Amino acid sequence: TIAELKCTKNTVKYKHGTNNEVWFSNELTLSNKHIFERFPGTELLPVVFTYSQSDGINVEFTLEEYIITPVANSIFQIPKGYKMISSQEYKRISE
């Protein structure tokens, strides 16, 4: 168990030949399969994973706690002065 969730260990195999070990929750599913683009098509919540970014930085993620509670719509409003950009534009400016 991870964060009091029953989990399953899986290996994600990518087209370019690399693999990632990922632990998924068997109890929580994703309503949007595209939230975790590193794990395409997954319907389960990834709770432990590591990956390497193209700039050489390694990212490690471990879920420690989760709380299911309603979230106010105001949380999703873009603050004044901020601009929404596409993921392609973000990738272009962050390289």
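The structure contained in this document is the topic of the report that follows. These numbers come from a predicted model, not from an experiment. (Residues numbered from 1 in each chain as written. Predicted model: local features only at pLDDT ≥ 70, side-chain atom pairs only at ≥ 80, totals over all residues. Heavy atoms only, no water.)

### Details of unusual backbone geometry
For step 1, the next point in the chain: A positive phi angle is found at Ala 3, which is not glycine, with a value near 55°.
For step 2, the next point in the chain: Relative to the helices and strands, Ala 3 resides in the segment before β1 (7-13).
For step 3, the next point in the chain: Even without glycine at this site, Glu 4 takes up a positive phi of about 65°.
For step 4, the next point in the chain: Tracing the chain through its elements places Glu 4 in the segment before β1. (Helix = DSSP H or I, 4+ residues; strand = E, 2+ residues; numbered from the N terminus.)

### Points about a nonpolar patch on the surface
For step 1, the next point in the chain: A contiguous nonpolar surface patch, about 350 Å² in accessible area, is contributed by Val 71, Ile 75 and Phe 76.
For step 2, the next point in the chain: For Val 71, the location among the structural elements is in the loop between β4 (58-62) and α1 (87-94).
For step 3, the next point in the chain: For Val 71, a relative accessible area of 47% translates into the label partly exposed. (Patch = residues over 30% accessible without salt bridge, like charges linked within 9 Å, V, L, I, M, F, W, Y side chains within 5 Å. Areas by Shrake-Rupley, 256 points an atom, 1.4 Å probe, with all protein chains shown as cover. Salt bridge = Lys/Arg side-chain N within 4 Å of Asp/Glu carboxyl O. Buried < 20%, exposed > 50% of the residue type's maximum accessible area, 1.4 Å probe, protein only.)

### Things to note about the layout of surface pockets
By rolling a water-sized probe across the atoms, one finds the places where empty space is left.
For step 1, the next point in the chain: What the largest pocket holds in volume is close to 520 Å³.
For step 2, the next point in the chain: Every residue lining the largest pocket is counted, 14 residues in all, and those nearest its centre are Glu 37, Arg 38, Gln 53, Ser 54 and Lys 91.
For step 3, the next point in the chain: Of all the secondary structure elements, the ones that give two or more residues to the lining of the largest pocket are β3 (44-52) and α1.
For step 4, the next point in the chain: Residue contributions to the lining of the largest pocket peak at three residues, all from α1.
For step 5, the next point in the chain: Split by residue class, the lining of the largest pocket holds six nonpolar, three polar and five charged.
For step 6, the next point in the chain: For the second largest pocket, the calculated volume is near 170 Å³.
For step 7, the next point in the chain: Around the second largest pocket sit Leu 28, Thr 29, Leu 30, Ser 31, Asn 32, Ile 35, Leu 45, Tyr 66, Ile 67 and Ile 68, which together line it.
For step 8, the next point in the chain: Its residues assigned to classes, the lining of the second largest pocket comprises seven nonpolar, three polar and no charged. (1 Å grid on protein atoms, 1.4 Å probe; cavity = no way out; pocket = protein on both sides within 12 Å on 5 of 7 lines; lining within 4 Å. Points joined across faces, edges and corners; volume = space filled by probe spheres on them. Nonpolar A, V, L, I, M, F, W, Y, C, P; charged D, E, K, R; others polar.)

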